[in-house]
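Here's the letter readout for the chains.
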Amino acid sequence: MVTKLQIMKWNLYNYKSKQLLIWGLKKGYIAPYDDILIEKLRTIYYGGIPASIILLSDCMSNGYCYDRALLMSRAFLEEEGDVQLVYASIDSLRLNPQLVNRTDPSYADHCIVERVTKDGKHLIYDTSSGFVYDKNLYWLMEHPIIRHINNKNSIIEFIKSDEHYNPENIKKDKYVSPIILPMIEKSYGRSTEMYSQLGIELLQREIEQFKKVINYDGVCQEIEEDMKKLGFKKN
């Protein structure tokens with residue numbers, strides 16, 4: 001049962017978080033993903049889909065922080081500076097009355113990317129919110145309680161062992177695109193999909209560009225012909 005105190009703490013968190021978000025965006029301490037980052041993500045694939053599409057899509061990222069933070073970290077592995085995955089409980093989960101579960105101590109667990117740039121900036125990439133934060137401001141907003149950290153070497157070793165990151169599978173895995181892309185396209189314009197909003201439309205741009213790269217219409221035609229050979233009709 002949710003208590004009045006829990007509701008009060010949650011409402012207070014939301015008010016403070018909103019004010020800090022507005023302030024951080026105005027002052028440049030919080031920023032959306034920029035074109036330099038998106039261009040890097042465009043060359044990184046997961047299951048045949050570019051990371052630029054997955055990470056610009058709220059429906060593909062929000063709620064999948066462990067996988068998506070790992071995917072985001074790949075953009076920085078070959079750069080000067082440092083990168084690590086931070087696993088911690090955070091206020092936006094810890095204080096949410098709908099998520100509080102006394103029998104599951106990991107309900108508030110979250111994964112973020114911490115990056116130190118070559119010029120010494122400490123940045124946090126939260127793939128669930130879709131923003132890049134100054135580390136000090138993120139800590140002020142979320143008060144993370146860290147339980148584990150994976151350093152750059154650990155990230156590299158894990159990626160080597162995961163077949164979903166194998167570049168040799170990209171050509172074969174493009175055939176999942178007629179399943180995944182329409183699902184993402186249906187989310188265009190939702191209030192949570194900030195990268196598909198009118199006037200921004202970065203998600204649409206990345207999908208259209210990817211369709212050209214893989215000859216999307218040709219892939220759909222191949223699949224349709226294969227289905228006909230197997231005796232299946234298109235609905």
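Just so you know, the residues in each chain are numbered from 1, in the order the chain's sequence is written. Where local features are concerned, this predicted model is filtered to residues with pLDDT of at least 70; where side-chain atom pairs are given and counted, the filter is 80 or more; whole-chain, interface and lining totals use all residues. With hydrogens and water set aside, each side-chain value is computed from the structure's full complement of heavy atoms.

A. Inspection of the sheet that holds strand S7 (residues 131-134) at higher detail. In space, the six strands of this open sheet follow the order S1-S7-S6-S5-S4-S8, with antiparallel pairing throughout. Only two strands of the sheet have a single partner each, and these edge strands are strand S1 (30-32) and strand S8 (145-150). With direction set aside, neighbouring strand axes in the sheet form an average angle of 30 degrees. In this sheet, strand S6 (residues 122-126) lies alongside strand S5 (residues 109-116) in antiparallel orientation, the contact comprising four bridges. Considered in S6, the bridge of valine 113 is made with tyrosine 125. Pairing between strands requires that DSSP locate at least two bridges from one strand to the other. Labels follow the DSSP assignment, with helices taken as runs of H or I lasting at least four residues and strands as runs of E lasting at least two, numbered in each case from the N terminus. Helix axes are fitted only over the stretch in contact, all axes being lines through C-alpha atoms; the angle between N-to-C directions runs from 0 to 180 degrees.

B. Broad picture of the pattern of salt bridges. We define a salt bridge as a side-chain nitrogen of Lys or Arg found within 4 Å of a carboxyl oxygen belonging to Asp or Glu. One pass over the full model with this rule turns up 11 salt bridges. A salt bridge links aspartate 109 to arginine 147, with the shortest nitrogen-to-oxygen separation between them at 2.9 Å. Of this pair, aspartate 109 sits in strand S5 while arginine 147 sits in strand S8; the two residues are 38 residues apart in sequence, bridging distant segments of the chain. On the basis of relative accessible area, aspartate 109 is assigned to the buried category, the value being 12%. Because the salt bridges share partners, they merge into one network encompassing Asp35, Arg42, Arg205 and Glu206. Between buried and exposed lies partly exposed: a residue is buried under 20% and exposed over 50% of the maximum accessible area for its type, with that area taken using a 1.4 Å probe on protein chains only.

C. A look at the side chain of serine 73. Considering the arrangement of structural elements, one finds serine 73 in helix H5 (residues 65-73). Residue contacts follow a heavy-atom distance rule, with two residues in contact if any of their heavy atoms lie within 4.5 Å. Those residues within four positions of serine 73 in sequence are excluded, and the remaining contacts are Val83, Leu85, Val113 and Ile155.

D. View of the nonpolar core. Only buried residues count toward a nonpolar core, which is a set of Ala, Val, Leu, Ile, Met, Phe, Trp, Tyr and Cys residues joined through side-chain atoms within 4.5 Å. Among the nonpolar cores identified, the biggest contains 41 residues, and Tyr33 and Met72 are the most heavily contacted of them. Dropping the residues within four chain positions of it, tyrosine 33 is found in contact with Ile38, Leu55, Leu56, Met72, Asp126, Thr127, Gly130, Phe131, Val132 and Tyr195. With 12 residues, the next largest nonpolar core counts Ile30, Phe131, Leu137 and Tyr138 among its residues.

E. Layout of helix H11 (residues 202-214). Over its 13 residues, H11 extends 19 Å from the first C-alpha to the last, a length consistent with the 18 Å expected when each residue adds 1.5 Å. Phi turns positive one or two residues past the end of H11, at asparagine 215, with a value near 55 degrees. Working rule for helices: expected span equals 1.5 Å times residues minus one.

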